[in-house]
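Residue strings, one per chain:
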Amino acid sequence: MLSSTQELLETARRNSYAIGAFNVYNLEGVKAVINAAESLRSPAMLQLHPSALKYGQSPLIALCLAAAAASTVPIAVHLDHSTSVQDIQTTLAAGVRSIMADGSPMPYAENLDFTRKMTQLAHRYGAIVEAEIGRISGTEDGLTIAEKEARMTDPDQAVEFVRATQVDALAVTIGNVHGEYQSPPKLDFPRLAEIRKRVNIPLVLHGASGLPGDMISRSIQLGVCKFNVNTEVRQAYLQSLQSELCGDTLPDLLDVTAGAIVAMEQVIIEKLNLFGSADKAHLHETPYARMLVGRGV
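Fair warning: this is a prediction, and the values are worked out from it, not measured in the lab.

1. Quick word on the confidence of the model for the protein chain
- Per-residue pLDDT for the protein chain averages 90, and the proportion of residues at 70 or more is 88%.
- When the criterion is pLDDT under 50, residues 287-297 qualifies, and its contacts beyond four places in sequence or with other chains add up to 17 contacts.

Structure, rendered in structure tokens:
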């Protein structure tokens, strides 16, 4: 069923688990997420990165919404990491009710202004907004401890930012990175605990690919209720294609794509189990979720 991101996050938060949000680029990725979620009776999210949106455009949005609506478990559709007013407007107009207005590459004041305006726009559509303060790097290499700390989310700033923008969910930076970790990850859990104590909206952690299970569990205990996953799923997809296509004969196309879907599913199943959302679908089968499906939202 097509579900509300707000409902997914709030229910996960109340019940001490997290929602897995997986970036998808095509039909194979969508099928992998839905198949994995249904096999575990778990809620999940389909995420559209701006690069995927540019590639797939409105047909990809329609695919995600239709697949979510047809699923037997709660699935939300979300625009990830968007800095484009036009993309946000287009996605909202197409029926997506969950966006990330990502002003984190901007100076703080510009991020606040951009996020406030995008939140006002999204709320007019009945959509929710995730935003980010702090700056998640793509690598830890070459950063001093002071530089890493400067990139992290400041608890005082988080309080001010949420109050000023009225954003619905906050992605925090506590030592997590996008892509692969080049050294063992080190998350600042005292910082996360302080943010959780002072900010009463759902918290999100990006860069969940490569985080060990104990860090996942500790983050959930401290209030994270959504994890973004991309790198490991993409790697599984590409490695499956590579292994299928490097033989002496060309295999059937559908056999190749089926193998890639299974490879991605295995990663997604592992993550959903780590996030604690397996067998939690029934917690989300609310009258509100059914109403969303009926409205096609």
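There is more to say, and it comes next.
2. Some thoughts on the sheet that holds strand β2 (residues 44-48)
- What the eight strands build is a closed barrel, ordered β1-β2-β3-β4-β5-β6-β7-β8; its pairing is parallel. Strand-to-strand, the axes of this sheet are offset by a mean angle of 25 degrees, without reference to chain direction.
- Note that strand β1 (residues 19-23) and strand β8 (residues 224-229) share four bridges and pair parallel. Looking across to β8, one finds that Phe 22 is bridged to Val 229.
- Contacts from helix α1 (residues 5-14) reach β1, β2, β3 (75-82), β4 (98-101), β5 (128-132), β6 (169-171) and β8, with the element oriented near 120 degrees to β8.
- Along the sheet, helix α5 (residues 108-124) contacts β3, β4 and β5; its crossing angle with β5, the most-contacted strand, is approximately 170 degrees.

3. Section: unusual backbone geometry
- Even without a glycine there, the phi angle at Ser 16 is positive, about 60 degrees.
- Inspection of the secondary structure puts Ser 16 in the loop between α1 and β1.
- Positive phi is not limited to glycine here, since Gln 166 has a value of about 60 degrees.
- Looking at where Gln 166 falls in the secondary structure, it is placed in the loop between α7 (155-165) and β6.

4. What about the side chain of Thr 11?
- Note on placement: Thr 11 falls in helix α1.
- A polar contact is formed between the side chain of Thr 11 and the side chain of Glu 7, at a distance of 2.7 Å.

5. Details of the side chain of Asp 102
- For Asp 102, the position within the fold is in the loop between β4 and α5.
- Looking at Asp 102, the relative accessible area reads 6%, which means it is buried.
- Setting aside residues up to four positions removed in sequence, Asp 102 forms contacts with His 81, Ser 82, Thr 83, Phe 114 and Glu 132.

6. Observations regarding the pattern of salt bridges
- Counting across every chain of the model gives eight salt bridges.
- In this structure, Arg 116 and Asp 113 form a salt bridge, with 3.5 Å as the shortest nitrogen-oxygen distance. Here Arg 116 pairs with Asp 113, and both are found in helix α5, just three residues apart, close to one helical turn.
- The structure contains a network of salt bridges with shared partners spanning Asp 156, Glu 194, Lys 197 and Arg 198.

7. As for the nonpolar core
- The biggest cluster of nonpolar side chains holds 80 residues, and the ones touching the most others in it are Leu 46, Ile 88, Leu 170 and Phe 227.
- In terms of residue count, the dominant contributor to this core is helix α11 (residues 253-275) (nine residues).
- The residues contacting Leu 170, other than those within four sequence positions of it, are Ala 131, Glu 132, Ile 133, Ala 158, Phe 161, Val 162, Ile 201, Pro 202, Leu 203 and Val 204.
- Within the second largest apolar cluster, 13 residues are counted, among which are Met 45, Ala 76, Ala 169 and Val 204.

8. Points about the packing of aromatic side chains
- Taken as a whole and assessed by the stated rule, the structure comprises two aromatic pairs.
- Aromatic side chains Phe 227 and Phe 275 sit 4.8 Å apart centroid to centroid with 15 degrees between the ring planes, which places their arrangement in the stacked category. Here Phe 275 lies in helix α11 and Phe 227 lies in strand β8, a separation of 48 residues in the sequence.
- Its relative accessible area of 0% is what places Phe 227 among the buried residues.

9. Some points on the pairing of β8
- Along β8, six of the six residues are buried, which leaves the element largely enclosed by surrounding structure.
- By the bridge criterion, three bridges tie strand β7 (residues 203-205) to β8 in an arrangement that is parallel. From the neighbouring strand, Leu 203 faces β8, where its bridge partner is Val 224.
- Between β7 and its parallel partner β8, the chain crosses via helix α9 (residues 213-221), and the hand of that crossover is right-handed.

10. Quick word on α9
- Buried residues of α9: Met 215, Ile 216, Ser 219 and Ile 220, and no others. Along the axis of α9, the buried positions cluster into a sector of 135 degrees, meaning they face one direction only. Within α9, the exposed residues directed more than 90 degrees away from the buried face are Asp 214 and Gln 221.
- Packing partners of the buried residues in α9 comprise α8 (189-198), β7, β8 and α11.
- In the segment just after α9, Gly 223 is the residue with positive phi, at about 110 degrees.

11. Observations concerning the environment of Val 224
- In this fold, Val 224 is placed in strand β8.
- Through-space distance from the C-alpha of Val 224 to that of Leu 203 is 4.8 Å; in sequence the pair is 21 residues apart.
- The contacts of Val 224, once residues within four sequence positions are left out, are Tyr 17, Ala 18, Leu 192, Leu 203, Val 204, Leu 205 and Ser 219.

Reading the values: the criteria
- Residues numbered from 1 in each chain as written.
- Predicted model: local features only at pLDDT ≥ 70, side-chain atom pairs only at ≥ 80, totals over all residues.
- Heavy atoms only, no water.
- pLDDT = per-residue confidence, 0-100.
- Contact = heavy atoms within 4.5 Å.
- Pairing = 2+ DSSP bridges.
- Helix = DSSP H or I, 4+ residues; strand = E, 2+ residues; numbered from the N terminus.
- Axes fitted to C-alpha atoms, helices over the stretch in contact; angles between N-to-C directions.
- Polar contact = N/O pair within 3.5 Å; in protein donor to acceptor, adjacent residues only side chain to side chain.
- Buried < 20%, exposed > 50% of the residue type's maximum accessible area, 1.4 Å probe, protein only.
- Salt bridge = Lys/Arg side-chain N within 4 Å of Asp/Glu carboxyl O.
- Core = buried A, V, L, I, M, F, W, Y, C linked by side-chain atoms within 4.5 Å.
- Phe/Tyr/Trp six-rings, centres within 6.5 Å; stacked < 30°, edge-to-face > 60°.
- Right-handed = clockwise from strand over helix to strand, strands pointing away.
- Arc of directions from axis to C-beta.

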